[in-house]
Amino acid sequence: MQLRGVTGEIKWSYLPALVFGPWTLHTTPTGGSLEAEIVTSDAYRMTQSPLTVSVRMGRQSLAYPVEQWQVSGARVYVTVGPRITEA
C-alpha cells in the first residue's frame, strides 16, 4: 500500500530527531520504505536508538520502527519495520 502525507517525524523516544515532509510511505506486512524531503534534523539524535517514524493520516497517528536510514542531499530514505500498534 502507498501512503502520502504532508509532514512527519523520526523520533528518538519523544524527541524529534528529524522533521520531514512531504513524504511517501510504501508498506508491506513486514515493513516498508519511506522517502521524504528533510525540513530539520538533529545529528546527535539521529545516531541514537531506537528511532521511530511517526506520521499522521487524518486523525490517526501511525508509527514504524526505523531499521535503516540514509540521507542523500535534502532527502531521507528510511527502511521501516512492521507498524507499531498501541496496546
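A. How the structure looks around the overall build of the protein chain. Of the regular secondary structure elements, the protein chain holds one helix and seven strands. Relative to a compact globule of 87 residues, whose C-alpha radius of gyration would be 12 Å, the protein chain shows 12 Å and is just as compact. Seen along its three principal axes, the alpha-carbon backbone of the protein chain occupies a region of about 30 × 25 × 25 Å. By residue count, 31% of the 87 residues in the protein chain fall in the buried class. Expressed as a percentage of contacts within the protein chain between residues at least 6 apart in sequence, the contacts between residues at least 24 apart total 44%. Of the accessible surface of the protein chain, which amounts to about 5,400 Å², a share of 54% is contributed by carbon and sulfur atoms. A distance of 8 Å separates the average location of the 7 positive side-chain charges in the protein chain from that of its 6 negative side-chain charges.

B. Region of the structure containing the nonpolar core. Ranked by size, the top nonpolar core spans 19 residues in total, and within it I10, F20, W23, L34, V53 and V78 carry the most contacts. Listed by contribution, the elements that provide at least two residues to this core are β3 (15–28), β4 (31–41), β5 (51–57), β6 (60–72) and β7 (75–80). The greatest single-element share of this core, amounting to five residues, is contributed by β3. Once you skip the residues sitting within four places of it in the chain, W23 turns out to touch L3, R4, G5, V6, T7, G8, L34, E35, A36, V55, R56 and M57.

C. Spotlight on the side chain of S54. Take S54: it is sitting in strand β5. Other than its neighbours up to four places away in sequence, S54 contacts G8, E9, K11, F20, S61 and L62.

D. Region of interest: the packing of aromatic side chains. Summed over all chains, the structure comprises one aromatic pair. Judged by centre distance (6.0 Å) and plane angle (85 degrees), the ring pair of W12 and Y44 falls under edge-to-face. Of the two residues, W12 is situated in strand β2 (residues 8–12) and Y44 in helix α1 (residues 43–46); the sequence distance between them amounts to 32 residues. Taking relative accessible area as the criterion, W12 reaches 23% and is therefore assigned partly exposed. According to the relative accessible area criterion, Y44 is exposed, its value standing at 53%.

E. Fine view of the pairing of β7. Only one face of β7 is covered, namely the face carrying V76, V78 and V80; the face carrying R75, Y77 and T79 is uncovered. The hairpin formed by β6 and β7 contains two residues between the paired strands, and G73 there has a positive phi angle of roughly 65 degrees.

F. How the structure looks around the environment of E9. Along the chain, the position of E9 falls in strand β2. Setting aside residues no more than four positions away along its own chain, E9 makes contact with P16, L18, V19, F20, T52, V53 and S54.

What counts, and at which threshold
Residues numbered from 1 in each chain as written. Predicted model: local features only at pLDDT ≥ 70, side-chain atom pairs only at ≥ 80, totals over all residues. Heavy atoms only, no water. Helix = DSSP H or I, 4+ residues; strand = E, 2+ residues; numbered from the N terminus. Rg over C-alpha atoms; globule rule 2.2 N^0.38 Å. Buried < 20%, exposed > 50% of the residue type's maximum accessible area, 1.4 Å probe, protein only. Contact = heavy atoms within 4.5 Å. Areas by Shrake-Rupley, 256 points an atom, 1.4 Å probe, with all protein chains shown as cover. Lys, Arg positive; Asp, Glu negative; His and termini not counted. Charge placed at Lys NZ, Arg CZ, Asp CG, Glu CD. Core = buried A, V, L, I, M, F, W, Y, C linked by side-chain atoms within 4.5 Å. Phe/Tyr/Trp six-rings, centres within 6.5 Å; stacked < 30°, edge-to-face > 60°. Pairing = 2+ DSSP bridges.

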